[in-house]
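# Structural characterization, general
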Number of protein chains: 4
Amino acid sequence: MTTFKVGVIGARGRVGQAVCAGVSEAADMDLVATIDRTDPLQNLVDQGAEVIVDFTNPNVVMDNLEFCINHGIHCVVGTTGFTEDRIAQVKQWLEANPGVGVLIAPNFAISAVLTMHFSQLAARFFESAEVIEMHHPNKLDAPSGTAIHTAKAIAEGRRQAQLGAQPDATETALDGSRGALVDDIPVHAVRMQGTVAHETVIFGTLGQTLTIRQDSYDRTSFVPGVLLGVREISQHSGLTIGLENYLEL
Amino acid sequence: MTTFKVGVIGARGRVGQAVCAGVSEAADMDLVATIDRTDPLQNLVDQGAEVIVDFTNPNVVMDNLEFCINHGIHCVVGTTGFTEDRIAQVKQWLEANPGVGVLIAPNFAISAVLTMHFSQLAARFFESAEVIEMHHPNKLDAPSGTAIHTAKAIAEGRRQAQLGAQPDATETALDGSRGALVDDIPVHAVRMQGTVAHETVIFGTLGQTLTIRQDSYDRTSFVPGVLLGVREISQHSGLTIGLENYLEL
Amino acid sequence: MTTFKVGVIGARGRVGQAVCAGVSEAADMDLVATIDRTDPLQNLVDQGAEVIVDFTNPNVVMDNLEFCINHGIHCVVGTTGFTEDRIAQVKQWLEANPGVGVLIAPNFAISAVLTMHFSQLAARFFESAEVIEMHHPNKLDAPSGTAIHTAKAIAEGRRQAQLGAQPDATETALDGSRGALVDDIPVHAVRMQGTVAHETVIFGTLGQTLTIRQDSYDRTSFVPGVLLGVREISQHSGLTIGLENYLEL
Amino acid sequence: MTTFKVGVIGARGRVGQAVCAGVSEAADMDLVATIDRTDPLQNLVDQGAEVIVDFTNPNVVMDNLEFCINHGIHCVVGTTGFTEDRIAQVKQWLEANPGVGVLIAPNFAISAVLTMHFSQLAARFFESAEVIEMHHPNKLDAPSGTAIHTAKAIAEGRRQAQLGAQPDATETALDGSRGALVDDIPVHAVRMQGTVAHETVIFGTLGQTLTIRQDSYDRTSFVPGVLLGVREISQHSGLTIGLENYLEL
C-alpha cells in the first residue's frame, strides 16, 4: 500500500487539530510534520512531506503555497480568501512546477459536495425546487454560502433545460414566508439551538418529490474530504477548484 | 356496538363525498340521509339522523345548524366563516336545547391537530422553535392557517415559561431567508409541485432537536377526525370549538 | 415545436387512464389512439401514432410490441414480466427494424430512478449505508423491488471502491431489528396506513450523513417519466432497459 | 432569583464533566462541590449542597443515595442498575426523610422523553405505528432501550383504545425486513457512521401520517433535563421514576 507523507500547516488551530487526528488515524498516511505560527516551513522539506494540508488564514496562506509549490509539495487547501488575483498567482507558480497539484475547496464535507452535485443533476426534471438550510444560532450570515451555491447550481440546471418559472399561485403572503430568492430559487434559513450544519433540497413534479439532505453533526465532517484530497492529488497536477472535481462522479 | 345514524349535509361536494364514503365504510355508522342544495332538511328528521356532518358554505350553514339544533340533532361542522356573532347565535340556540352538541373545527386532520397540541406542550423546553409548512403550488396564501396557529401556540407556550427571545446571531441576511415572524416564531412556507399539505415544527436545545411533522397525502385526511367527532359528540353537549377538545390529551 | 403523436395501449386500466390524461395535457403531444382489450392495433397505424405507451400485462405485451416494432412505431413499456427469452425476442424484432426504439423500464417515477442513480454514485464515499422503504399496508411483498435494486446498486458501488464490511458493533439484537441484508446492505420495510410509496437511503461517514429520499404521493408519479420517454425515444433506437439511460446523468 | 447549590458526584467522568459545565453555566445554580472516587461525601454537607447529581455506577450509587437522603440532600440520578430491591431500599430511606426528593431517570434527553410521551398520547388515533432508531455503529445492542420503551408505550396506548392488529397484507418478506416486533410494534434499528442517537416514530391513518423525531447531536443532550431536574426536585418529595413526571405535560 502506498503511504502518503503528510504535513499539516495550521496544526494547532481547531480545524488543524482535527486534520492531524484524521491523518494520524489513516492507515495509509504518515503525519511527518506539523507547522504552526513560529515553525519554519523548511521542516516540511526536511521531513519529506509529499502533500500538505493548509487550514490557516488569508494572511499567510500565499507564503505557504509559494514555498510548497516551489519545493514540489502538493497542497490541499481549505483556507478562504482566494481572489482572482491570488488564483492567477497560484497558477503562475504552478506553471513553473508542472508536476505539482493544488486543490482549493470552499467545502470539504463530502455530503455537502454531493448534495450540490446531485441537486444540479436533478434540477431539470422537476418544476419546483427549494432549499432549506439549518444551522446553530451563532452563525452570522443567512443563508449559508453552501445554500447559496446550491441554489445557483439548481438555477443553472433549470436554465439549461429551459424550465421557466416555478409554479406558485401565492396571492397573499406574510413578508419572508416564501424565503429569499437566490437566482429565483427560494432559500429558507433556520437557526436552531443544538444543531450544527444541515442542508435540505426538495424537488417536486407530478405526484412525487425528491429530497436530498446533508447533515454535519460535528466539526470533523470535513476530514474525510481532506483525506480524499490527499490520496488523489498526485493524479491532478495543476490547480483544481472544488472537491467535486476529484470525485469522478 | 352502538350504531350512529349519520346525515351528511353538502353531500355531493368533493369533501362531502369523502365524508359519505367514510361514514359508509365505518362499521359502527349508518349513513341515513344525504342532503344537498335542493334536498329538504326535514329528511334528516324523517330518517332518524342523530348526528349531522356539515361541510357546506357560510351562506347556508347557519340555517342548517338552527334546524338541526332545534330538532335535537348533534352537529359536526367543518364549514368556515364563524364570526363572534355567529358563535353567539349558535350558543343561544344550544341554550334552548341543552342536550345537543355542536363541534366546530377549523381542521379535522388529526395529525395536524396533534402537531399543534404537541408543539404547544413542547415549546417551553426549547430555546429555539421554527415552523416549516409545505403545500402544493396552487395554494393562494402563505403561510398556511395551520402554520400560523401553530406558531401562535408555540409563542403562547414560550410566554408562559418566560423564555424570552430565541438565540440568533444573524448579522447579514438576504431578505426573507429567515422566514416570516408570527408572534416572534419564524415560519417558512414551501410551495412544491406534487405535494399536498405538510407541516414540520423543529425545536432545539443543547445537543438535541425535537421534530414534529404532519403529512396529508390526499384530501381524505380530514375523514378520521370527522368520524371521531361523530362518535364522541354525544358526550360533549353545548358548543365545542376545535377537535383537540375531543381527544382527551 | 415538435408534436408527438402518441397511442396508449391498455388505455382503460387505472394506469392507462393516468397516462392518457398526462399525454392529453402535454402541450407537445397529441393522443391519437387509445387501445384497450378489443380494439384493433391497426388503429395505431391508421391514426399515425409515432410512439405507443404500453401498460398492459404479460399475456398481451409481446403481441403489442411485435406489431408496433414491425410498423415502425416506438414503444415506451411499463408492463412487467420480461424474461431473458422475451428480451432476446424483442431484440430480434428490432434488428429487422433498426430505426425503432423500445424503452422497457421497471420504474418510471423519476424521483425513484434518480434516488437509485445517486445512491450508486454516493456509495463509495461512505462507510455506512442503509435503505428504508415505506409503503401502504396493502403491499404484498417486503422489501419493495425498488429498495432491493437500490441496495444492490449501493453494494456494487461499495465493491468497486473495495470498501469492505460496514462498521457494526452490535452484540445483542432482537431478531429483525437490523433489517434484511440485501447484498450486505440492511434494508428496512415500513408498512403504514395513509402512505403511498417512499424510499429513503442514508449514508454516513465521519461527522456527517447524506440522505436521499423519494416520495410518491399518488399513482400519477410515473407520468412525468413516461412523457420523458415519449419525448426522447426517437434519439434511442434499439432496446433500452431502464429510464436512467435516457436521463443523460 | 433562587440559586440552587448543587453537588456533582462522579464529577470527573465524561458525563459528570458535562454536568459540571452545565451547572456552572446556569445563571441560577452554584456548583458547590464536586466529588469523585476518593473524595469524601462529607464535602457535600460541608459546602451546603441542596441537590446532588449522580452519574456514577451501580457499585457506588446506593452508598451515595443513603448518605445524601439521610443528610436531607435531594438526588437527581442518571446511574443505571436500579432493581426492584434497590428501589424498595431507596423508598425506605425516603420514608425516614420525608422532605427529600429523589429522581431516577433512564433518559434525561428532554427530546427523547417528549417523543415517548407524545407517542403514547398519539397511539390510539392511528391504525399504523412503527419506530425507527438510528445510532453510531459502536452501539452494542439493537434496538435501543429508548426505542423499546417507546414501542411499549405505543402498544399500551393502542390496547387502551382497543385498536387491534396493525393492517399489513405482507405475504412474502425477506427475513428482518419488517423489523423486530416489540409488543407487536415493528422496531427498526439503523447503525450509521457519523450519527449519535436518533429516534423516529411514524403513525399513519387515512390520508395522513404524523412523525415525531428526536435527534441527539452530541453527548451534552442530557444536560437540559438534568438542570430541569435540579430546579424542580424540591417540589417532588419522595421517589420519582422518569423525568416525564416533572414536565407537567
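Labelled according to an unreviewed UniProt entry, chain A appears under the name 4-hydroxy-tetrahydrodipicolinate reductase, originating from Corynebacterium epidermidicanis. Its UniProt record gives chain A a comment under Subunit (unreviewed entry), which states: "Homotetramer."

### A word on the packing of aromatic side chains
Residues and elements named next belong to chain A. One pass over the full model with this rule turns up 16 aromatic pairs over all chains. For the pair Phe126 and Phe203, a centre-to-centre distance of 5.5 Å together with 35° between the ring planes defines the contact as tilted. Taken together, the residues Phe126 in the loop between helix H5 (110-122) and strand S6 (128-135) and Phe203 in strand S11 (residues 197-205) connect sequence positions 77 residues apart. For the pair Phe126 and Phe203, one class covers both residues: buried.

### Some remarks on the relation of the copies chain D and chain B
Of the transformation superimposing chain D on chain B, the axial component is 0.0 Å and the angular component is 180°, with the fit at an RMSD of 0.1 Å. Accordingly, the operation relating the two chain copies is best matched by a two-fold axis. Judged by C-alpha distance, Ile212 of chain D is the residue of chain D that lies nearest the rotation axis, at 2.3 Å. Both copies share a contact surface, since 100% of the interface residues of chain D are interface residues in chain B too.

### What about the UniProt feature "binding site: NADP(+)" (unreviewed entry) in chain A?
UniProt tags Arg37 of chain A as "binding site: NADP(+)" (unreviewed entry). Looking at the secondary structure, you find Arg37 of chain A in the loop between strand S2 (29-35) and helix H2 (42-46).

### As for the pairing of strand S11 (residues 197-205) of chain B
Residue and element names in this part refer to chain B. For S11, the buried fraction is high: 9 of the 9 residues fall into the buried class. Burial along S11 is two-sided: Ala197, Glu199, Val201, Phe203 and Thr205 facing one way and His198, Thr200, Ile202 and Gly204 facing the other are all buried. With 8 bridges joining them, strand S6 (residues 128-135) and S11 adopt antiparallel strand pairing. Opposite Glu133, over in S11, you have Glu199 as the bridge partner. Across 9 bridges, the pairing between S11 and strand S12 (residues 208-216) is antiparallel. Bridging from a neighbouring strand, Val201 pairs with Ile212 of S12. The hairpin turn running from S11 into S12, its antiparallel successor, is 2 residues long, and Gly207 in that turn takes a positive phi close to 70°.

### Quick word on the pattern of salt bridges
What the rule picks out here adds up to 40 salt bridges over all chains. Where Asp215 of chain A meets Arg213 of chain A, a salt bridge forms, and the shortest distance between an N and an O atom there is 3.0 Å.

### Notes on the interface of chain C and chain D
Taken together, the contact pairs 46 residues of chain C with 46 residues of chain D. Both sides of the chain C and chain D interface together cover about 3200 Å² of buried area, and 62% of this is carbon and sulfur. Considering only the surface of chain C that becomes buried against chain D, Leu140, Met192 and Gln193 of chain C emerge as the three largest contributors, covering 18% of it. If you look at where chain C meets chain D, you find 0 salt bridges. For the pair chain C and chain D, the number of links is 18 residue pairs in polar contact (both at pLDDT 80 or more). The residue makeup of the side of chain C that touches chain D, split by class, is 21 nonpolar, 16 polar and 9 charged.

### Details of the packing of helix H1 (residues 14-25) of chain A against helix H7 (residues 223-232) of chain A
Residue and element names in this part refer to chain A. Put simply, H1 and H7 touch, their axes get as near as 10 Å, and they point 60° apart. In terms of orientation, H1 lies oblique with respect to H7. The element H1 and its partner H7 pack so that their crossing is right-handed. In this structure, H1 contributes Ala18, Val19, Gly22 and Val23 to the contact, and H7 contributes Val223, Val226 and Leu227. Among the residues forming the contact of H1 with H7, the class breakdown is 6 nonpolar, 1 polar and no charged.

### Points about the environment of Asn138 of chain C
With respect to the helices and strands, the residue Asn138 of chain C is situated in the loop between strand S6 (128-135) and strand S7 (141-142). Between the C-alpha atoms of Asn138 of chain C and Arg191 of chain C, which are 53 residues apart in sequence, the distance is 8.2 Å.

### Looking at the sheet that holds strand S10 (residues 185-191) of chain C
Taken in spatial order, the 10 strands line up as S9(A)-S10(A)-S6(A)-S11(A)-S12(A)-S12(C)-S11(C)-S6(C)-S10(C)-S9(C) in an open sheet, and their pairing is mixed. In this open sheet, the two edge strands, each paired with only one partner strand, are strand S9 (180-182) of chain A together with strand S9 (180-182) of chain C. When strand polarity is set aside, the average angle formed by the axes of neighbouring strands in this sheet is 20°. Alignment of strand S12 (residues 208-216) of chain A against strand S12 (residues 208-216) of chain C, held across 9 bridges, turns out to be antiparallel. The residue of S12 of chain C that forms the bridge with Gln214 of chain A is Leu210 of chain C.

The rules behind each value
Residues numbered from 1 in each chain as written. Chains lettered and ligands numbered in written order. Predicted model: local features only at pLDDT ≥ 70, side-chain atom pairs only at ≥ 80, totals over all residues. Heavy atoms only, no water. UniProt positions renumbered as here; feature names shortened; annotations may be inferred. Phe/Tyr/Trp six-rings, centres within 6.5 Å; stacked < 30°, edge-to-face > 60°. Helix = DSSP H or I, 4+ residues; strand = E, 2+ residues; numbered from the N terminus. Buried < 20%, exposed > 50% of the residue type's maximum accessible area, 1.4 Å probe, protein only. Least-squares fit on C-alpha atoms with pLDDT ≥ 70 in both. Contact = heavy atoms within 4.5 Å. Pairing = 2+ DSSP bridges. Salt bridge = Lys/Arg side-chain N within 4 Å of Asp/Glu carboxyl O. Buried area = accessible area lost by both parts, 1.4 Å probe. Polar contact = N/O pair within 3.5 Å; in protein donor to acceptor, adjacent residues only side chain to side chain. Nonpolar A, V, L, I, M, F, W, Y, C, P; charged D, E, K, R; others polar. Axes fitted to C-alpha atoms, helices over the stretch in contact; angles between N-to-C directions. Parallel < 35°, antiparallel > 145°, perpendicular 65-115°, else oblique. Left-handed = near helix turned anticlockwise from the far one by under 90°.

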